[in-house]
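Summary of structural features
So you can see what is in the structure, the chains are spelled out below.
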Amino acid sequence: MKKSKAVEINNIGMTYHSLEGETQALQDISFDIHSGEIVVLVGPSGCGKSTLLSIISGLIKPSTGRVLINGRKVEGTSKDIGYMFQRDHLFEWRTILENVMIGLEIQNKLNGKTRAFAQGLLDTYGLGEFKHHYPRQLSGGMRQRAALIRTLAVQPEILLMDEPFSALDYQTRLAIADEIGIILKKEGKTALMVTHDIAEAISMADRVVVMTKRPGMIKNIHRIELSCEERSPLKSREAPEFRIYFNRIWKELDVHV
Ligand SMILES: Nc1ncnc2c1ncn2[C@@H]1O[C@H](COP(=O)(O)OP(=O)(O)O)[C@@H](O)[C@H]1O
Ligand SMILES: [Mg+2]
């Protein structure tokens, strides 16, 4: 079966112009993301990872190149794309349920069917009992899960996640990365995630894209193939090949070479 290309990133370059001068953030970035694939982007701080996500989402326009989503050129923001950030951005004065419904409200899509879909996600992913709680009553991991459900509620085709777990402590981070990795696969989502944690990248990715330091270019792309029975993020870490990928990517990211 030939997989369809959900995202095509073609020769993207980005130079920021400001009062201090020009900053070239990205240079000639090209790769595709297939439908249902999870691609994880790693690279040194400031190499343009967030910039690339903003370009794909249509929030900013690239200086060169173009991005296609399902064959159509990105020319502004679109409902096909869901964005998840480092902080969960839940509204403290709204309950979890009200938070989860907000995207549907904004898009004018709140009806019996979409409401049931969102409630179903809350139930399936362990937040059903907490839907009338306020964000402050939830743990960091649960909040991030609620943020994901809010993003999924509008049924975006593609998810962009910018260091979504970096505000969490290590234990929570392992658990929530595992849960979210499983949710993305179960819901068949196409996702591009940024992380600075190499192990997290390998554990969640179908492919890991390694970027150079600024201006960010593609250094290498690794297809992650692990011989473990169940390919969940936590189980992946036990695969014998895991360490080999880790060492390779670690070397490619080494700032001293
Ligand atoms: N709005 C902006 N104006 C000027 N320079 C920017 C802007 N946003 C980001 N940059 C610069 O572009 C480079 C890449 O930034 P960013 O995409 O945030 O990198 P990363 O997410 O990989 O850490 C950095 O040098 C940053 O300072
Ligand atoms: Mg960033």
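Look up a bit, the structure's there.
Keep in mind it's a predicted model, so treat the numbers as computed, not measured. (Residues numbered from 1 in each chain as written. Chains lettered and ligands numbered in written order. Predicted model: local features only at pLDDT ≥ 70, side-chain atom pairs only at ≥ 80, totals over all residues. Heavy atoms only, no water.)

**Topic: the overall build of the protein chain**
Heads up, the condition is: Only DSSP runs of H or I with at least four residues qualify as helices, and only runs of E with at least two residues qualify as strands; both kinds are numbered from the N terminus onward. Note on method: radius of gyration uses C-alpha positions; expected globular size equals 2.2 Å times residues raised to 0.38. For every residue, the accessible area (1.4 Å probe, protein chains only) is compared with the maximum for its type, and the residue is labelled buried under 20%, exposed over 50%, or partly exposed between those bounds. Two residues form a contact once any of their heavy atoms are found within 4.5 Å. Using a 1.4 Å probe, accessible areas were evaluated by the Shrake-Rupley method; residue-level cover was limited to the displayed protein chains.
Regarding its fold elements, the protein chain presents nine helices and 10 strands. The C-alpha radius of gyration of the protein chain comes to 18 Å, within 12% of the 18 Å expected for a compact globule of 257 residues. The C-alpha extent of the protein chain, read off along each of the three principal axes, is 50 × 45 × 45 Å. Among the 257 residues that make up the protein chain, the fraction classed as buried is 52%. Taking the contacts inside the protein chain whose residues are at least 6 apart along the sequence as the reference set, 69% of them involve residues at least 24 apart. Of the accessible surface of the protein chain, which amounts to about 12,900 Å², a share of 50% is contributed by carbon and sulfur atoms.

**A word on helix H9 (residues 242–253)**
In plain terms, the rule: Every helix has an expected span of 1.5 Å times one less than the residues it contains.
With 12 residues, H9 should cover 16 Å at 1.5 Å per step; its first-to-last C-alpha distance of 17 Å lies within 8% of that length. Here the buried face of H9 lies against strand S3 (38–42), helix H7 (198–204), strand S9 (207–211), strand S10 (218–223) and helix H8 (233–236).

**Details of the packing of helix H5 (residues 140–153) against helix H6 (residues 170–186)**
Cut-off, in case you're wondering: Orientation is described by lines fitted to C-alpha atoms, with helices fitted over the stretch in contact, and by angles between N-to-C directions that extend from 0 to 180 degrees. For classification purposes, angles smaller than 35 degrees are called roughly parallel, those larger than 145 roughly antiparallel, those between 65 and 115 roughly perpendicular, and all remaining angles oblique. In this scheme, a crossing is called left-handed if the near helix is turned counterclockwise away from the far one by less than a right angle; it is called right-handed if the turn is clockwise. Residues were grouped as follows: Ala, Val, Leu, Ile, Met, Phe, Trp, Tyr, Cys and Pro as nonpolar; Asp, Glu, Lys and Arg as charged; and all remaining residues, including Gly, as polar.
Closest axis-to-axis distance for the H5/H6 pair is 10 Å, and the angle between their directions is 20°. The orientation of H5 with respect to H6, classified from their angle, is roughly parallel. With respect to the hand of their crossing, H5 and H6 are arranged in right-handed fashion. Taken together, the residues of H6 that come into contact with H5 (itself represented by Gly141, Gln144, Arg145, Leu148 and Leu152) are Thr172, Ile176, Glu179, Ile180, Ile183 and Leu184. Taken together, the residues of the contact of H5 with H6 break down into six nonpolar, three polar and two charged.

**Section: the packing of helix H4 (residues 112–124) against H5**
Contact geometry of H4 with H5 gives a least axis separation of 10 Å together with a crossing angle of 150°. Taken together, the axes of H4 and H5 are roughly antiparallel relative to one another. Seen from above, H4 lies across H5 with right-handed handedness. In contact with Phe117, Ala118, Leu121 and Leu122 of H4, H5 contributes Ile149, Leu152 and Ala153. Here the contact of H4 with H5 is built from residues that sort into seven nonpolar, no polar and no charged.

**Looking at the sheet that holds strand S2 (residues 21–34)**
For the record, the criterion: In this description, strands pair whenever DSSP reports at least two bridges between them.
Taken in spatial order, the four strands make up an open sheet running S2-S1-S4-S5, and their pairing is antiparallel. Edge positions in the sheet fall to S2 and strand S5 (72–73), since each of these pairs with one other strand and no more. Pairing between strand S1 (residues 5–18) and S2: 10 bridges, direction antiparallel. Across the sheet, glutamate 8 pairs through a bridge with aspartate 32, a residue of S2. Lying on the sheet, helix H1 (residues 49–57) is in contact with S1, S2 and strand S4 (64–69); it crosses S1 at an angle near 120°.

**Here we look at the site of ligand 1**
Formally: Throughout this document, a residue counts as near a molecule or strand when at least one of its heavy atoms sits within 4 Å of that molecule or strand. Nitrogen and oxygen atoms within 3.5 Å of one another constitute a polar contact, given that in protein one can donate a hydrogen and the other can accept it, and given that sequence-neighbouring residues count only through two side-chain atoms.
Residues in contact with ligand 1, as listed here, are Tyr16, Thr23, Ala25, Ser45, Gly46, Cys47, Gly48, Lys49, Ser50, Thr51 and Arg214. Within the side chain of threonine 51, an N or O atom sits 2.5 Å from an oxygen atom of ligand 1. In isolation ligand 1 exposes 560 Å². Once the protein is present, 62% of that is buried. Secondary-structure elements contributing two or more residues to the shell around ligand 1 are S2 and H1. With three residues, the single largest contributor to the shell around ligand 1 is H1. Tallied by class, residues from the shell around ligand 1 come to three nonpolar, six polar and two charged.

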